[in-house]
Amino acid sequence: MKVAVYPGSFDPVTFGHIDIIKRASSMFDKLIVAVLVNRKKTPMFNYEERVELIENSLEGLDNVEVVHFEGLLVDYLKKNNYKILVKGLRAISDFESEFQMASVNRQLDDDIDTVFIMTKVEYMYLSSSIVKEVYSFDGDISKFVPEKVNDKMKKMRRESDE
Ligand code: ADP
């Protein structure tokens, strides 16, 4: 069985991520979406919420599992005997850091291969941080994130306005 792992912060999940998940899930028997728990950063959503938002935004993709992990990605892969990583590539600016990450992971564990999937042109400049920025200025994010994420963020805004 060919299993691949798609890691990221997903704070929150965007249509760019969902597109990569859909395409990767059709290439592999199973896709694990692995949400990074980084205690050094304060995310907008805690990891339980990020996992739930991804799960609720996947329709009919029954070979996708959403998990969280903490620590070094290669350790998580080794522990579970996973060998393939999936990453999304956006603008050229992603290339350098992704190339660096893939090379470092390769040096830490020679068994790991990273597969890059190119973003759809319309998602080329979409990132979780830009979504948070638009949201912070009360902008409409419905074109960028799945409905469940938009609903949750709208609810958060209503609650903070009260
Ligand atoms: P972000 O940069 O949006 O905070 P994450 O750390 O959650 O992203 O990213 C996880 C993975 O998803 C990375 O491989 C990243 O390149 C990819 N990714 C993020 N946004 C997009 C997008 N719009 N199109 C394609 N891939 C993306």
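Residues numbered from 1 in each chain as written. Predicted model: local features only at pLDDT ≥ 70, side-chain atom pairs only at ≥ 80, totals over all residues. Heavy atoms only, no water.

Caption draft 1: Fine view of the pairing of strand S5 (residues 113–118). Summarising the sheet, strand S4 (residues 84–89) and S5 pair through six bridges and their orientation is parallel. Paired with Ile84 across the strands is Asp113, a residue of S5. Handedness of the crossover joining S4 and S5 through helix H4 (residues 92–108) is recorded here as right-handed. (Pairing = 2+ DSSP bridges. Helix = DSSP H or I, 4+ residues; strand = E, 2+ residues; numbered from the N terminus. Right-handed = clockwise from strand over helix to strand, strands pointing away.)

Caption draft 2: Seen up close, the site of the ligand. Lining the immediate environment of the ligand, one finds 18 residues, of which Tyr6, Phe10, Gly88, Tyr123 and Ser128 sit closest. Taking Ser128, its main chain carries an N or O atom lying 2.9 Å from an oxygen atom of the ligand. Of all the secondary-structure elements, those providing two or more residues to the shell around the ligand are strand S1 (3–8), helix H1 (15–27), S4 and H4. Here the shell around the ligand is composed, by residue class, of six nonpolar, eight polar and four charged. (Near = heavy atom within 4 Å. Polar contact = N/O pair within 3.5 Å; in protein donor to acceptor, adjacent residues only side chain to side chain. Nonpolar A, V, L, I, M, F, W, Y, C, P; charged D, E, K, R; others polar.)

Caption draft 3: Just helix H6 (residues 147–161), in detail. For H6, with 15 residues, the first-to-last C-alpha span of 21 Å sits near the 21 Å given by 1.5 Å per residue. Taken together, the buried positions of H6 are occupied by Val149, Asn150, Met153 and Arg157. Buried residues along H6 cover an arc of 100° about the axis, so they all sit on one side. Lining the buried residues of H6 we find helix H2 (47–57) and helix H5 (128–136). (Expected span 1.5 Å × (residues − 1). Buried < 20%, exposed > 50% of the residue type's maximum accessible area, 1.4 Å probe, protein only. Arc of directions from axis to C-beta. Contact = heavy atoms within 4.5 Å.)

Caption draft 4: Local environment of the nonpolar core. Of all hydrophobic cores here, the largest spans 30 residues; its most connected members are Ile21, Leu31, Val33, Ile54 and Val86. Sorting the residues of this core by element identifies S1, H1, strand S2 (30–37), H2, strand S3 (64–70), S4, H5 and H6 as the ones contributing at least two each. If one sorts the elements of this core by residue count, H1 sits on top with four residues. With residues near it in sequence (within four places) discarded, Ile21 still touches Tyr6, Leu31, Val33, Ile54, Leu58, Leu61 and Val64. Grouped together as the second largest cluster of nonpolar side chains are 13 residues, Val5, Val67, Phe69 and Tyr76 included. (Core = buried A, V, L, I, M, F, W, Y, C linked by side-chain atoms within 4.5 Å.)

Caption draft 5: The arrangement of the environment of Glu52 in detail. By the element assignment, Glu52 lies in helix H2. Taking C-alpha positions, Glu52 is 9.7 Å from Val67, a pair spaced 15 residues apart along the chain.

Caption draft 6: How the structure looks around unusual backbone geometry. The omega torsion of the bond from Asp11 to Pro12 falls at 0°, within 30 degrees of zero and hence cis. Topologically, Pro12 is positioned in the loop between S1 and H1. If you check the backbone angles, Phe10 has positive phi at about 50° while not being a glycine. Tracing the backbone through its elements, the reader meets Phe10 in the loop between S1 and H1. Exposure remark for Phe10: the relative accessible area of 2% places this residue in the buried category.

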